[in-house]
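Residue-level structural notes
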Amino acid sequence: MTEKIWNQNLYDLFEQNFPILNRPFIEKPDGGILTYGYMKKMTGIFSNALDSLGVTIGDRVIVQTNKSPEVVFLYLACLKTGAIFVPLNTAYTQSELEYFISDSDPKVVICDPKSPIINYQLTEHHPDAHLYTMDINGNGSFTKYAESYPETFVTVPGDGTDIACILYTSGTTGQPKGAMLTHSNLGSNAITLRDAWGFTSDDTLLHVLPIFHAHGLFVAINTVLVNGTGMIFLPKFEVDEVCRLIPKTSVMMGVPTFYTRLLANEKFTRNLSQNMRLFVSGSAPLLAETHREFSQRTGHEILERYGMTETAMNTSNPLKGIRIPGSVGPALPGIEVRVVNQEEKILGVNETGDIHVRGPNVFNGYWKKPDKTLEEFCEDNFFRTGDLGYLDDKGYLFIVGRAKDLIISGGYNVYPKEIESCLDEINGIQESAVIGVPHKDFGEAVVAIVTYDKEKNLITEQDVIVLLKKVLASYKVPKAVFFVPDIPRNVMGKVEKTKLRKTYNQTFEE
Ligand code: MCA
Ligand code: AMP
């Protein structure tokens, strides 16, 4: 593909690849089919509705809703109108959401009727903003409002450097940062993945990921759209539903937890997945053991790839060729990956260091955070991923750890600093340290170690969990809290997390 093809509005790129319009785009769990023609119509209607609200190029549209086809149409309508789509995890609490709203300053907010956003006085803080709802069935005040608008809408003129989406990612320090992804970033990566993973017009994707993160939204949906094919669209990952529908599909994408949960179920057999041509894993490390067990059970070798919100996908094991368990594969075409030491000198084969990436997939910077953006890029435009790894003599990348203090639980990122700050606010807690420990289901689980003053407040593990759930999305809340007299620190006064990990490593071992 030449650069020209994707250096344009992403919706136009998708539209160039639309098949005949009566072809299925989304199949619902009940078998209901939504065709490309229907998607085009709904996208036009939603685009006109957004336009009527004054949404124009660069305006932010926050969407915090449960997964439904209508949310996909809303995403496409944002692309078409030049608005910036800002999806938010449905697990966020009121205080988390307030930060995202205040930081992104949206023109429109569309949320589930049960979202805490409903209680937020949006127009008090953002006088020009509009608040609408959309429920899990795609119904709500936005859909109602849009009803009377026409089906056709001319995609706004723009180019590939316009921002298509802002996705929030947390940071080792400070508050979440909005990663700005351009139409070109997303278009180029979608084409790269379609080609690398050998998508054809015969493919149907089993879509079971959430669509408020890069994996479910960009890797899965954008790839299907540039391929002009369809997907079976489930509201969430559920083993029985996956087993029921997998025979009708050819590709599935998931986080490692999906694969360990499938393996734990006897219903998931070789027969069931005989029509499948590809299982893709990412967002967290896939254990080599899971890779092997899956291959023994199904005859399929899971294809593991590596990416980030800021960069979309960087490396992938090959479709044809050797897929190495424990490796995330070589750099994808057009993308460069290097491993450097602390002085940022390029390291040799099998030498572990910091992973840097560069390519058309790498984002445009953090929303309203130019200093943070500058910090994360090298002078030669390589992006510092914060991951540690090495390249072998065939150019395969192995991720061995993270320089950033990050826990990945079931594919969701949790930054210990954020949890520690909330713990420190609890009356009686003096100090806290949050670590990730091995967990059979989630890969890693969040664990808190705290010191506290019994005189001040007699609290239990359960009290801490209940208090944290009020302010943090529940996947971030520690699965265990340990009360200790002292938290180990080194001579510099820094918490010795390695020591803590060693001590609490077995917390969830059976
Ligand atoms: C749910 N819970 C979790 C998690 N998910 N706890 C820790 N880690 C999790 N990932 C908790 C809930 O808070 C709740 O707790 C209880 O489990 C049940 O919630 P439920 O929603 O029913 O859980 P589930 O349906 O079993 O969800 C597990 C899941 C889900 C299917 C693995 O977490 C999931 O879909 N993960 C995928 C995440 C993803 O898409 N990541 C991509 C990020 P309580 O009962 O206490 O309230 S993008 C990315 O990383 C980059 C770009 C990349 O490379 O892809
Ligand atoms: P996010 O910020 O949600 O985009 O998460 C990106 C991070 O997920 C990366 O920086 C890695 O630490 C991790 N990650 C993604 N894919 C893989 C993988 N296949 N193996 C190991 N870690 C991964």
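Here we summarise the structure given alongside this text.

The rules behind these values
- Residues numbered from 1 in each chain as written.
- Chains lettered and ligands numbered in written order.
- Predicted model: local features only at pLDDT ≥ 70, side-chain atom pairs only at ≥ 80, totals over all residues.
- Heavy atoms only, no water.
- Core = buried A, V, L, I, M, F, W, Y, C linked by side-chain atoms within 4.5 Å.
- Buried < 20%, exposed > 50% of the residue type's maximum accessible area, 1.4 Å probe, protein only.
- Near = heavy atom within 4 Å.
- Polar contact = N/O pair within 3.5 Å; in protein donor to acceptor, adjacent residues only side chain to side chain.
- Areas by Shrake-Rupley, 256 points an atom, 1.4 Å probe, with all protein chains shown as cover.
- Nonpolar A, V, L, I, M, F, W, Y, C, P; charged D, E, K, R; others polar.
- Phe/Tyr/Trp six-rings, centres within 6.5 Å; stacked < 30°, edge-to-face > 60°.
- Helix = DSSP H or I, 4+ residues; strand = E, 2+ residues; numbered from the N terminus.
- Pairing = 2+ DSSP bridges.

With that settled, the discussion passes to the nonpolar core. Residues Phe25, Phe46, Tyr75, Phe142 and Met252 are the most contacted members of the largest nonpolar core, which totals 106 residues. Grouped together as the second largest cluster of nonpolar side chains are 41 residues, Ile62, Ile419, Val464 and Tyr475 included.

Let us look at the site of ligand 1. Neighbouring residues of ligand 1: 25 residues in total, closest Ser283, Arg305, Ser409, Lys469 and Ser474. In the environment of ligand 1, an oxygen atom lies 2.6 Å from a nitrogen or oxygen atom belonging to the side chain of Arg305. Expressed as a share of its isolated accessible area of 1,000 Å², the protein-covered part of ligand 1 is 76%. Here the residues of the shell around ligand 1 sort into 10 nonpolar, 10 polar and five charged.

This part is about the packing of aromatic side chains. This model, assessed by the stated rule, comprises 27 aromatic pairs. Geometrically, the ring pair formed by Phe237 and Phe258 is stacked, given 4.1 Å between the ring centres and 10° between the ring planes. A residue pair is termed long-range when its members are at least 10 positions apart, and Phe237 in the loop between strand E10 (230–233) and helix H10 (239–245) and Phe258 in helix H11 (residues 256–263) qualify at 21 residues. Neither Phe237 nor Phe258 differs from the other in exposure class; each is buried. Centroid distance Phe268 to Phe279: 6.5 Å. Interplanar angle 85°. Geometry classified as edge-to-face. Highlighted residues: Phe268 in the loop between H11 and strand E12 (278–281) and Phe279 in strand E12, separated in sequence by 11 residues. The class for Phe268 is buried, based on a relative accessible area of 0%.

Of the pairings in the sheet, the one linking strand E15 (residues 336–340) to strand E16 (residues 353–358) comprises five bridges and is antiparallel in character. Pairing of Arg338 across the sheet is with His356, part of E16. The pairing of E16 with strand E17 (residues 383–391) spans four bridges and is classified as antiparallel. Residue pairing for E17: Val357 is matched across the bridge by Phe383.

Glancing now at the site of ligand 2. Around ligand 2, the structure places 16 residues, and the nearest of them are Arg305, Thr309, Asp387, Lys404 and Asn413. At a separation of 2.7 Å, a nitrogen atom of ligand 2 approaches a polar backbone atom of Arg305. One nitrogen or oxygen atom from the side chain of Asn413 is found 2.7 Å from an oxygen atom belonging to ligand 2. About the coverage of ligand 2: the protein hides 91% of its 500 Å² of free accessible area. Of all the secondary structure elements, the ones that give two or more residues to the shell around ligand 2 are strand E13 (303–308) and strand E18 (397–402). In terms of residue count, E13 provides more of the shell around ligand 2 than any other element does, five residues in total. Residues that form the shell around ligand 2 fall into these classes: seven nonpolar, four polar and five charged.

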